[in-house]
Amino acid sequence: MRTTLFVGLVVLALMLTAARVPAHHAFGSEFNVEKPLVLQGKVTMMEWVNPHSWIHIDVKRPDGTVENWAIEGGSPNALLRLGFTKNALLPDMEIVVDGYQAKDASNRAVGKSLVFADGRKLFLGGSEPETAKK
């Protein structure tokens, strides 16, 4: 009886102190397939984090103002398999990203692919429906 009570208390304590983990999302829950976009800008930062990597770029608008955009890509492991390296995207590199805007109309998007200034193209391996099939 004491062992059962002890195990029960340990399980209860673990449940009460467990950290919440954010759920992984599907493309349709965050991004709008009806809002494709093409962004040209300079890389400010590349985040190699799970479950999705993030590319931050500064995009110059027609009026001259600059907006910082966060572009979701695949996991670091998926990007490495697609040809990325840790030095593939460095600050101040000019890139063009093809993707879809966030449903909340913020400066967030999911990337489908990116093109470097020299014409090389890399897929971003994100949750976007077409790239998820590749």
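My aim in this report is to walk through the structure given alongside it, one point at a time.

### Digging into the packing of aromatic side chains
And then number 1: By the definition in use, this model includes zero aromatic pairs.
And then number 2: A cation sits over an aromatic face here: Arg120 above Phe116, 4.1 Å from the ring centre.

### Quick word on the pattern of salt bridges
Opposite charge on two side chains lets them pair, provided their charged atoms get close.
And then number 1: If you walk through the whole model with that rule in mind, you get three salt bridges.
And then number 2: Taking the shortest distance from any N to any O, the salt bridge between Glu67 and Arg61 comes out at 3.1 Å.
And then number 3: With a shortest N-O distance of 3.9 Å, Arg108 and Asp104 are connected by a salt bridge.

### Looking at the side chain of Glu72
And then number 1: By secondary structure assignment, the location of Glu72 is in strand β3 (residues 66-72).
And then number 2: This buried residue, Glu72, is left without a salt bridge; Arg108 holds the nearest opposite charge, at 5.4 Å.
And then number 3: Side chain to side chain, Glu72 and His52 meet in a polar contact 3.5 Å long.

So, how was this worked out
Residues numbered from 1 in each chain as written. Predicted model: local features only at pLDDT ≥ 70, side-chain atom pairs only at ≥ 80, totals over all residues. Heavy atoms only, no water. Phe/Tyr/Trp six-rings, centres within 6.5 Å; stacked < 30°, edge-to-face > 60°. Lys NZ or Arg CZ within 6 Å of the ring centre and 35° of its normal. Salt bridge = Lys/Arg side-chain N within 4 Å of Asp/Glu carboxyl O. Helix = DSSP H or I, 4+ residues; strand = E, 2+ residues; numbered from the N terminus. Buried < 20%, exposed > 50% of the residue type's maximum accessible area, 1.4 Å probe, protein only. Lys, Arg positive; Asp, Glu negative; His and termini not counted. Polar contact = N/O pair within 3.5 Å; in protein donor to acceptor, adjacent residues only side chain to side chain.

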